[in-house]
Each structure stands twice: as C-alpha cells, then as structure tokens.
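Given next are the chains, with one letter for each unit.
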Amino acid sequence: EAGVAQSPRYKIIEKRQSVAFWCNPISGHATLYWYQQILGQGPKLLIQFQNNGVVDDSQLPKDRFSAERLKGVDSTLKIQPAKLEDSAVYLCASSLDQWRDRDNSPLHFGNGTRLTVT
Amino acid sequence: KNQVEQSPQSLIILEGKNCTLQCNYTVSPFSNLRWYKQDTGRGPVSLTIMTFSENTKSNGRYTATLDADTKQSSLHITASQLSDSASYICVVTPRGIYNQGGKLIFGQGTELSVKP
C-alpha cells in the first residue's frame with residue numbers, strides 16, 4: 001500500500017511569513033494527525049482529525065496555526081505568521097481508527113516537512 | 001500526569017553487539033505500548049505494539065518486553081547492524097473511559113549509534 005505522502009520535504013522562510021504543508025494519508029484511514037517534532041525530542045501532537053472532524057487541537061497555537069481536512073482525506077496545516085521557534089519537522093500520520101474500541105493499529109507516518117524559520 | 005521517560009538518552013555500540021533500551025511510563029490505564037524506529041530525516045516506523053495483557057513481542061532482531069506491574073518496557077536489539085542506527089521512540093496509548101484509544105504519549109527517544 002502507498003504510504004503517507006507529505007509535501008514539501010523542506011521549506012525555508014523568514015519570520016512573519018506564512019507557510020502551508022500538505023498531507024495525503026493512507027487510503028481508508030479515518031484518523032489523521034499532525035505532529036511537531038523539534039530536534040532531539042519526541043513528536044508533539046498539534047491536531048487530530050477523525051474523518052473531517054477535529055478530535056483534539058488542544059496543543060495547536062490557534063493564533064498562528066490552522067489545519068483542515070476537507071472531505072476527510074487530504075489535510076493541510078498552515079502557519080501564519082511564522083516565528084523562529086516554529087522551526088521543526090512537521091509530521092503527518094494516519095491510522096485506521098484511533099477512536100475505535102481498543103484500536104491497536106499502528107500509526108503510519110510520512111517523512112515530514114522540515115521547516116526552517118530565519 | 002501521564003508521562004513516558006526513556007533511557008539512555010543516547011547510546012553508542014559496536015556492530016554485532018546487543019543492546020537494551022528502556023521505557024518507563026506513568027500512564028494508567030493504557031491500551032497499548034508501541035516502539036517506533038525513526039531514521040534520520042524520515043518519519044517513525046512501527047516496530048512492535050503490545051497491549052496491556054501482553055508481555056513480549058518480537059519483530060526480527062527486535063524484542064520488546066512489557067511489565068505492566070512496574071510500568072516498564074524494554075526494547076532489546078540482537079546482533080546490531082549499522083542500519084540500526086536511529087532514534088527509538090516509546091509511545092503509550094491511554095485507555096479512555098469508554099475503552100477508546102486516547103491521545104498517544106511519546107517518549108523523548110533514545111538515539112542509538114552503531115559503529116563498525
């Protein structure tokens with residue numbers, strides 16, 4: 001099966017500029033996640049979608065970050081305006097259905113977008 | 001507070017040697033515990049998933065163990081290869097009141113370097 005696709009792979013922008021990342025999950029996966037991974041740390045959840053609804057966005061800096069998952073398939077994550085501390089790898093992941101009873105299916109991650117804010 | 005702590009933070013071993021990575025967690029109750037391997041510049045890839053009722057799971061040269069009483073898990077790598085150089089991340093899924101999966105809790109990862 002095709003994996004989780006993300007683009008672009010790399011992005012360099014200046015602070016206060018805007019940027020958008022795109023994710024195409026594995027076909028049939030209901031749950032989609034966006035994670036932020038700062039160098040040397042584990043991924044931090046930004047937002048979780050169940051189909052096209054938001055399940056958890058408690059750690060999303062909503063004053064500058066936004067995300068959508070139209071039609072419950074592809075998703076975009078936007079940062080506007082970017083700050084220096086947003087430099088990180090942004091990982092998209094999908095799973096069959098995290099909300100199902102005792103779902104033990106693995107998360108499938110994309111290779112991420114490495115964002116550098118200068 | 002639900003937490004996942006991994007040790008050591010980094011580890012260097014010689015090719016062909018065995019090693020064991022540790023994961024301690026305070027998440028309770030939990031649905032499952034996962035180990036992921038993350039190569040540099042790539043996304044994490046699942047190695048093993050264990051439910052709360054399992055105490056060992058193998059995937060080739062990788063063997064994960066789980067002690068739910070002490071809330072500890074370990075990942076043992078046998079006969080290490082240069083390609084094992086990566087970050088290994090322990091992830092715990094809390095179990096919700098309706099038995100649904102909760103927000104995954106990630107450890108910081110252990111950076112393993114295998115030298116020739």
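S.K.: So, the confidence of the model for chain B: which residues are in play, and what are the values?
M.R.: In this model, chain B carries a mean pLDDT of 91, and residues with pLDDT of at least 70 account for 94%. No element of chain B has a lower mean pLDDT than strand E10 (residues 105–106) of chain B, which averages 90, and none a higher one than strand E8 (residues 72–77) of chain B, which averages 98.

S.K.: Describe the state of the cysteines, naming the residues involved and giving the relevant values.
M.R.: Two cysteines form a disulfide when their sulfur atoms are joined by a covalent bond. Counted by the stated rule, this structure contains two disulfides over all chains. Linked covalently through their sulfurs, Cys23 of chain A and Cys92 of chain A form a disulfide whose S-S length is 1.9 Å. Here Cys23 of chain A and Cys92 of chain A share a disulfide; its torsion about the S-S bond, -65 degrees, makes the bridge left-handed. Of the two residues, Cys23 of chain A sits in strand E3 (residues 19–24) while Cys92 of chain A sits in strand E9 (residues 88–95), which places them 69 residues apart along the sequence. Neither residue differs from the other here; Cys23 of chain A and Cys92 of chain A are each classed as buried. Disulfide pairing is shown between Cys23 of chain B and Cys90 of chain B; the S-S distance is 2.0 Å. Disulfide Cys23 of chain B-Cys90 of chain B: torsion about the S-S bond near -65 degrees, hence left-handed. On the criterion of sequence distance, the pair formed by Cys23 of chain B in strand E3 (residues 19–25) and Cys90 of chain B in strand E9 (residues 86–94) is long-range, its members being 67 residues apart. Distance from the sulfur of Cys19 of chain B, which forms no disulfide, to the nearest cysteine sulfur (Cys90 of chain B) is 15 Å.

The rules we used
Within every chain, residues take consecutive numbers counted from 1 along the sequence as written. Labels are handed out in written order, letters beginning with A for the chains and numbers beginning with 1 for the ligands. Restriction of local features to residues with pLDDT of at least 70 applies here, the model being predicted, together with a cutoff of 80 or more for giving and counting side-chain atom pairs; totals for whole chains, interfaces and linings are based on all residues. Calculation of side-chain values draws on the structure's entire complement of heavy atoms; hydrogens and water are dropped beforehand. pLDDT expresses how confident the predictor is about each individual residue, on a scale running from 0 to 100. Helix and strand assignments follow DSSP, with helices taken as H or I runs no shorter than four residues and strands as E runs no shorter than two, numbered in order from the N terminus. The disulfide definition used here is simple: a pair of cysteine sulfur atoms within 2.5 Å. Each residue is placed in one exposure class: buried if its accessible area under a 1.4 Å probe, protein chains only, is under 20% of its type's maximum, exposed if it is over 50%, and partly exposed if it falls in between.

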